[in-house]
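# Understanding the architecture of this molecule
Take a look at the letters that make up each chain.
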Amino acid sequence: MAGISTHVLDTDRGRPAAGIRIDFSVLDGETWRLVKSVVTNADGRTDQPILAPSDAKVGQYQLAFHVDDYFRDRPGTAEADIFIDNPVVRFAIFDPAQHYHVPMLCAPGSFTTYRGS
Amino acid sequence: MATASGGVLAQAGPAPSTASDKPAPLTSAPVSQAGLGPRLTLHAIDNFHGTPAAGMVCDLAWREGDSLTPIKTVTTGANGRPAEPLLTDAALRPGHYELLLHVGAYFAARGVSLPSPNFLDRVPIRFRIRDAGQRHHLPVLFTPWGYSYYRGS
């Protein structure tokens, strides 16, 4: 199934990160156009795909993850330890028939993203 | 190799050439920055080839919301590090930063066959400096299909 999905994980706690706002944008010429804002569910995923298969086109896409609030509100987190800063992941769909699962794993001091499945 | 603040990096082997786009042979010991002054340093590691990422262009900017103010552009040397720390002492201010890594161009220069457009092209790394009196070391590990970064030492 084509399209884009994501999965946000708190690797500090070994749990999905729920309640994280994600702004999904597409590159329109030179500017990033916001398509939608969603919030991760209890499993750290989104209830609907980020981008539906029917909307998948070759192009540049961006996921902006609002983790600052999540870490600040997380009990037992020292603000001084928060090094990562509302990460933005930019990637291309090169084949609209393929699915692009782009997880985001983070802790206050580390970040990982990759093309998953 | 002496640094501007007078400390010595615990690294054997010749000083890296800033113009080099060939990674150094992995024959020297890792670098320790213990005892050095406040700074922001970068180490780019190519996890696809298993080498330091030599010859990669990186743009450092100060970030305020979505607005970026360019600070400098550097190219990594043979050891995957720019010749100098990105920022030291008074130049390291608390705030939000973005380092843009030219990953697509890096792999293209290495002749790695990738789709067009590639999954990753220019990779933005956003981080926050809270205490400008500390050393902030930023290792970035990447392949054409993903990347990680963390506050190291």
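Everything below is about the structure shown above.
A brief structural summary.

Contact residues are listed per partner, giving 26 residues for chain A and 23 residues for chain B. Of all residues in chain A, F83, D85 and R90 of chain A give up the largest surface area on contact with chain B, accounting jointly for 34% of the area buried on that side. Run the count over chain A and chain B and you get 2 salt bridges. Linking D85 of chain A and R63 of chain B is a salt bridge whose minimum nitrogen-to-oxygen distance equals 2.9 Å. Put simply, chain A and chain B have 12 residue pairs in polar contact (both at pLDDT 80 or more) between them. Among the elements that take part in the side of chain A that touches chain B, strand β6 (residues 88-93) of chain A stands out by supplying 6 residues, more than any other. As judged from the 5 bridges shared by strand β8 (residues 110-114) of chain A and strand β9 (residues 146-150) of chain B, these two strands associate in the antiparallel manner. The residue bridging T113 of chain A from the neighbouring strand is Y147 of chain B, located in β9 of chain B.

The next point concerns unusual backbone geometry. Note the cis peptide between S116 of chain B and P117 of chain B, where omega equals 0°. By secondary structure assignment, the location of P117 of chain B is in the loop between α1 (103-109) and β7 (122-129). Here the phi dihedral of N86 of chain A falls at roughly 40°; this positive angle occurs in a residue that is not glycine. Here N86 of chain A lies in the loop between α1 (68-73) and β6. A positive phi angle is found at D89 of chain B, which is not glycine, with a value near 50°. Locating D89 of chain B in the fold gives a position in the loop between β5 (87-88) and β6 (95-102). What makes D89 of chain B partly exposed here is its relative accessible area of 41%.

Here the structure, examined in full by the defined rule, presents 17 aromatic pairs over all chains. Taking the centre distance of 5.5 Å and the plane angle of 70° together, the rings of F107 of chain B and F142 of chain B count as edge-to-face. Separated by 35 residues along the polypeptide, F107 of chain B in helix α1 and F142 of chain B in strand β8 (residues 135-143) bring together distant segments of the chain. Just as F107 of chain B is buried, F142 of chain B falls in that class too. Of the aromatic side chains, those joined through ring pairs into one cluster are F24, Y61, F91, F94 and Y100 of chain A together with F119 and W145 of chain B. When the ring centre of Y100 of chain A is taken as reference, the NZ or CZ atom of R115 of chain A above it lies at 4.5 Å.

Further remarks concern the environment of M56 of chain B. Residue and element names in this part refer to chain B. Assignment of secondary structure puts M56 in the loop between β2 (51-52) and β3 (57-64). In this structure, the C-alpha to C-alpha distance between M56 and H102, residues 46 residues apart in sequence, is 6.4 Å. Look past the residues within four positions of M56 in its chain and what remains in contact with it is A44, V74, T75, T76, L101, H102, V103, Y106 and F142.

Residue and element names in this part refer to chain A. Spatially, the 4 strands line up as an open sheet ordered β4-β3-β5-β6, and their pairing is antiparallel. With partners counted over all chains shown, the strands left at the sheet margins are β4 (31-39) and β6, one partner each. Neighbour-to-neighbour, the strand axes of this sheet turn through a mean angle of 25°, independent of strand direction. In this structure, strand β3 (residues 21-28) lies alongside strand β5 (residues 59-66), joined through 6 bridges in antiparallel fashion. Within β5, the position partnered with I22 by the bridge is F65.

Moving on, we come to the environment of R63 of chain B. Considering the arrangement of structural elements, one finds R63 of chain B in strand β3. Separated by 76 residues in sequence, R63 of chain B and P139 of chain B place their C-alpha atoms 20 Å apart. Leaving out residues up to four positions away in the same chain, R63 of chain B has contacts with D85 of chain A together with L68, H96, Y97, E98 and R126 of chain B. There is a polar contact of 2.9 Å between the side chain of R63 of chain B and the side chain of D85 of chain A.

Let's shift gears to the pattern of salt bridges. Residues and elements named next belong to chain A. The final tally for this structure, using the stated rule, is 9 salt bridges over all chains. Two residues, D23 and R21, come together in a salt bridge whose shortest N-O distance is 2.9 Å. Of the residues examined, D23 reaches a relative accessible area of 13% and is grouped as buried.

About the cut-offs
- Residues numbered from 1 in each chain as written.
- Chains lettered and ligands numbered in written order.
- Predicted model: local features only at pLDDT ≥ 70, side-chain atom pairs only at ≥ 80, totals over all residues.
- Heavy atoms only, no water.
- Contact = heavy atoms within 4.5 Å.
- Buried area = accessible area lost by both parts, 1.4 Å probe.
- Salt bridge = Lys/Arg side-chain N within 4 Å of Asp/Glu carboxyl O.
- Polar contact = N/O pair within 3.5 Å; in protein donor to acceptor, adjacent residues only side chain to side chain.
- Helix = DSSP H or I, 4+ residues; strand = E, 2+ residues; numbered from the N terminus.
- Pairing = 2+ DSSP bridges.
- Buried < 20%, exposed > 50% of the residue type's maximum accessible area, 1.4 Å probe, protein only.
- Phe/Tyr/Trp six-rings, centres within 6.5 Å; stacked < 30°, edge-to-face > 60°.
- Lys NZ or Arg CZ within 6 Å of the ring centre and 35° of its normal.
- Axes fitted to C-alpha atoms, helices over the stretch in contact; angles between N-to-C directions.

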